[in-house]
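Each chain is listed here by its residues.
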Amino acid sequence: MKRMFSEVEMSRDVAIPAKHLKGHSPPHQQILTRLLQELLHEKACREHGFYLAITALKSIGNNNNNNDDSDQADTLTFPVSFTCRTFLPSRGNVMVGTVMKLLFNGPNGAATAVLISSGPLRYAYLSYLKMPDYHFVPAKSEEEEACFQKDDLTKIAVGVVVRFLVLGRRFKVSPEKRRTDVYVLASVEGDDDTLGPVSLTGCDRPYM
């Protein structure tokens with residue numbers, strides 16, 4: 001089974017507006033800040049998954065704008081090599097997350113699935129088809145919340161922490177925003193008795 005967490009060595013060119021570097025030599029802090037901003041904005045990539053943290057800065061090369069006068073160039077580009085901690089769920093992994101939302105798109109306004117959040121993963125889709133023995137229970141009053149419930153009164157509802165199995169994943173790429181997100185298909189069915197609700201309260205970032 002593939003590990004969800006990895007330490008990978010990466011390299012990329014980091015562009016910095018020249019005006020931000022005036023009076024700073026070497027400009028390592030500005031370059032590192034821009035790199036962190038880019039990773040935070042991009043969020044993830046197909047190969048490695050979510051970017052969690054830069055764990056080591058290997059090297060920062062010289063400005064690549066060799067054909068420009070550095071005193072006049074608007075933007076300077078520096079090659080940066082670094083190690084990054086990443087997170088990528090794969091089929092067969094078991095995760096823990098918090099139910100964030102019920103999806104009401106069934107007949108008569110019934111819920112057909114829940115969305116679970118776990119660490120940087122915001123979209124784990126758990127269909128009622130993958131919740132054996134659970135049935136939808138609508139809210140009977142404004143004080144109550146709708147949920148999925150078993151005959152023994154075990155509930156899967158908003159705020160409940162659930163241990164689930166990853167069945168698959170897909171990526172959503174927004175080229176115009178240069179941003180990638182990861183979605184997984186979840187399940188609590190099978191012979192593993194530990195799958196399903198584990199608590200009524202808890203943190204939605206169990207791996208951080």
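Under an unreviewed UniProt entry, the protein chain has the name DNA-directed RNA polymerase subunit and belongs to Raphanus sativus. Within the UniProt record for the protein chain, the comment given under Subcellular location (unreviewed entry) is "Nucleus".

Undergrad: Lay out the pattern of salt bridges in plain terms, naming residues and giving numbers.
TA: Using the criterion set out here, one finds 6 salt bridges in the structure. The salt bridge involving E7 is made with R85; its shortest N-O contact spans 3.7 Å. With a gap of 78 residues between them, E7 in strand β1 (residues 5-17) and R85 in strand β4 (residues 75-87) connect regions that are remote in the sequence. The exposure class of E7 is partly exposed, given its relative accessible area of 45%. Across the pair R178 and E42 runs a salt bridge, and its minimum N-O distance is 3.1 Å. One end of the pair, R178, is in the loop between β11 (161-174) and β12 (179-187); the other, E42, is in helix α1 (residues 28-42), with 136 residues separating them in the sequence.

Undergrad: So, the state of the cysteines: which residues are in play, and what are the values?
TA: Per the counting criterion, the structure on display carries 0 disulfides. Free cysteine C45: the closest other cysteine sulfur is in C84, separated by 8.4 Å.

Undergrad: Explain the layout of surface pockets to me, and be specific about the residues and the numbers.
TA: Computed from the structure, the second largest pocket encloses a volume of approximately 210 Å³. Around the second largest pocket, the lining comprises 13 residues; the ones closest to its centre are Y134, K150, V188, D193 and L195. Its residues assigned to classes, the lining of the second largest pocket shows 5 nonpolar, 3 polar and 5 charged.

Cut-offs and rules
- Residues numbered from 1 in each chain as written.
- Predicted model: local features only at pLDDT ≥ 70, side-chain atom pairs only at ≥ 80, totals over all residues.
- Heavy atoms only, no water.
- UniProt positions renumbered as here; feature names shortened; annotations may be inferred.
- Salt bridge = Lys/Arg side-chain N within 4 Å of Asp/Glu carboxyl O.
- Helix = DSSP H or I, 4+ residues; strand = E, 2+ residues; numbered from the N terminus.
- Buried < 20%, exposed > 50% of the residue type's maximum accessible area, 1.4 Å probe, protein only.
- Disulfide = S-S within 2.5 Å.
- 1 Å grid on protein atoms, 1.4 Å probe; cavity = no way out; pocket = protein on both sides within 12 Å on 5 of 7 lines; lining within 4 Å.
- Points joined across faces, edges and corners; volume = space filled by probe spheres on them.
- Nonpolar A, V, L, I, M, F, W, Y, C, P; charged D, E, K, R; others polar.

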